[in-house]
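Survey of secondary and tertiary structure
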Amino acid sequence: MAGNAIQPDMIPVDPAPECALRWQAQLQRAWRDPAALLVHLGHEPADFPLTDAGQFPFLVTRAFADRMTRGDPDDPLLRQVLPRVDEDSPAPGFGPDPVGDSASRAVRGVLHKYRGRALLIATGACPIHCRYCFRREFDYAGDTLAGPALEAAIDYIAAHPDIEEVILSGGDPLMLSTGRLRRLSDALSGIRHFRRLRIHSRVPVTLPARIDDALCDWLAGLGRQVVVVVHANHAREFGADVADGIARLRRTGATVFNQAVLLAGVNDAPATLAELMETGFAAGAIPYYLHLLDRVSGSAHFEVPRTRALALMDDVRRRLPGYLVPRLVEERAGEPYKMPVF
Ligand SMILES: *Cc1c(COP(=O)(O)O)cnc(C)c1O
Ligand code: SF4
């Protein structure tokens, strides 16, 4: 089919709108019905007791689901997104706001919990619904940066000279259009003490097409240091498309890290964790945190006991160079930093 090959002169002069359509169209084609995905993966849906999931419905992009193994009921990627009936069993110690986010809310859409850093809830939307997510019960409708809330958030940051780093989080900030991200950064650009922009996002792993030229142009032109913290819990999440997206991010000058959550049945084995760190690094993401599960309601079936977590880390340290060993931390309400776990 050489005659049909795309010639360089056929590439549109401004590819941005087409690329935007591409990732947005991909989102529209995401899996929203667990039974349909299970059938696609060669399973009998009746073998999987699922809950209705209500407020936090099933959602997974095709880019992510394409990395699941057909016929494997224990697939570690599938396990992260399947709303099992286990979610409906109340567990002692698990609740709606395990990390005390509501107490660190400064103004609408702004969490100011740690010195020097303010975290903006840029949007409530995500490209995937991770069943263990501690923000699954967060009141996004009442707490994102929609409309006039953005102005109040900028005023808050401007009035606090200690805030040198602004973290865009959510939900997932890269679900916003590049135009909206640009308006946000334009609003921040007049603040002299604002030195670093950090982006917490699962988009590079779940929707790599979103790392398009327009997004990269925005990052490269910010005039601030940029840190992107992606989130993958298993080596298989770093597909070739993901590595390409991370390479595009790095070419803008951004530093890219990966954070993971220690999850039973997903990555709670030393070889699995070591492979996650190695594969992430090969894809361009330096290991950052390995989080103990935040004890949010409905996630108890993912918990790895602390003593086992410590034993796993001891084994991981024996396998990896020091720079690939993640920091095992836990988030505790009221503490001034994420607590190292010893
Ligand atoms: C995790 C978090 C941060 C960032 O903490 P680091 O240790 O710098 O990664 C900032 N603000 C809030 C509210 C957080 O939850
Ligand atoms: S905030 Fe992150 S971890 Fe939580 S559901 Fe969204 S993508 Fe998943």
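Keep in mind that what you see is a predicted model, and the values were worked out from it rather than measured.

On to the overall build of the protein chain, then. Tallying secondary structure elements over the protein chain gives eleven helices and nine strands in all. The C-alpha atoms of the protein chain give 20 Å as radius of gyration, which agrees with the globular expectation for 342 residues (20 Å, within 12%). Summarising its shape, the C-alpha atoms of the protein chain cover approximately 60 × 50 × 45 Å along the three principal directions. Counting across all 342 residues of the protein chain, residues that qualify as buried make up 52%. Looking at the protein chain alone, contacts between residues at least 24 apart form 81% of all its contacts between residues at least 6 apart. The positive charge centre, built from 39 side chains, and the negative charge centre, built from 42, are 5 Å apart in the protein chain.

All right, on to the sheet that holds strand β1 (residues 110–114) then. What the nine strands build is an open sheet, ordered β1-β2-β3-β4-β5-β6-β7-β8-β9; its pairing is mixed. Two strands close off the open sheet at either side, each with one partner strand: β1 and β9 (339–340).

In this section: the confidence of the model for the protein chain. Confidence in the prediction of the protein chain, expressed as mean pLDDT, is 92, and 93% of residues score 70 or more. Across residues 1–20, confidence stays below pLDDT 50; counting only partners more than four residues off in sequence or on other chains, it has seven contacts.

Okay, the site of ligand 2 next. Around ligand 2, the neighbouring residues are Phe-56, Cys-126, Ile-128, Cys-130, Cys-133, Gly-171, Arg-202 and His-231. A breakdown of the residues in the shell around ligand 2 according to their chemical character gives five nonpolar, two polar and one charged.

This part covers the nonpolar core. Residues Val-60 and Met-68 are the most contacted members of the largest nonpolar core, which totals 88 residues. In contact with Met-68, other than residues within four places in its own chain, are Leu-37, Leu-41, Val-60, Asp-75, Leu-77, Leu-78, Val-81 and Arg-236. Formed by six residues, the second largest nonpolar core is a distinct cluster that contains Val-227, Tyr-288, Tyr-289 and Val-329.

To continue, consider helix α9 (residues 240–251). With twelve residues, α9 should reach 16 Å at 1.5 Å per residue; the first-to-last C-alpha distance of 17 Å fits that figure. When α9 is considered as a whole, its buried residues turn out to be Val-242, Gly-245, Ile-246 and Leu-249. The buried residues of α9 occupy an angular sector of 100° when projected down its axis, which confines them to one face. Turned more than 90 degrees off the buried face of α9, the exposed positions are Ala-240 and Arg-251. On the buried face of α9, the contacting elements are α7 (203–206), α8 (213–220), β5 (225–231) and β6 (255–261).

Surveying the vicinity of ligand 1 reveals the residues Leu-111, Lys-113, Tyr-114, Arg-117, Leu-119, Ile-167, Arg-198, Tyr-288, Tyr-289, Glu-331 and Lys-338. Between Tyr-288 and ligand 1, the recorded distance is 2.6 Å, taken from a side-chain N or O atom to an oxygen atom. Contacts to ligand 1 include Lys-338, whose side-chain N or O atom sits 3.0 Å from an oxygen atom. Mapped onto the shell around ligand 1, the elements with two or more residues apiece are β1, β2 (117–121) and β7 (286–291). With three residues, β1 is the largest single contributor of residues to the shell around ligand 1. By residue class, the composition of the shell around ligand 1 is six nonpolar, no polar and five charged.

Okay, the environment of Pro-321 next. Along the polypeptide, Pro-321 turns up in the loop between α11 (306–319) and β8 (327–330). In sequence terms Pro-321 and Glu-278 are 43 residues apart; their C-alpha atoms lie 9.7 Å from each other.

Among all positions of α8, only Leu-215, Cys-216, Trp-218 and Leu-219 are buried. The buried residues of α8 occupy one face: seen down the axis, they fall within an arc of 155°. Turned more than 90 degrees from where α8 packs its buried face, Asp-217 and Ala-220 sit exposed. The inward-facing, buried residues of α8 contact β3 (165–169), α6 (178–188), β4 (196–201), β5 and α9.

About the thresholds
- Residues numbered from 1 in each chain as written.
- Chains lettered and ligands numbered in written order.
- Predicted model: local features only at pLDDT ≥ 70, side-chain atom pairs only at ≥ 80, totals over all residues.
- Heavy atoms only, no water.
- Helix = DSSP H or I, 4+ residues; strand = E, 2+ residues; numbered from the N terminus.
- Rg over C-alpha atoms; globule rule 2.2 N^0.38 Å.
- Buried < 20%, exposed > 50% of the residue type's maximum accessible area, 1.4 Å probe, protein only.
- Contact = heavy atoms within 4.5 Å.
- Lys, Arg positive; Asp, Glu negative; His and termini not counted.
- Charge placed at Lys NZ, Arg CZ, Asp CG, Glu CD.
- Pairing = 2+ DSSP bridges.
- pLDDT = per-residue confidence, 0-100.
- Near = heavy atom within 4 Å.
- Nonpolar A, V, L, I, M, F, W, Y, C, P; charged D, E, K, R; others polar.
- Core = buried A, V, L, I, M, F, W, Y, C linked by side-chain atoms within 4.5 Å.
- Expected span 1.5 Å × (residues − 1).
- Arc of directions from axis to C-beta.
- Polar contact = N/O pair within 3.5 Å; in protein donor to acceptor, adjacent residues only side chain to side chain.

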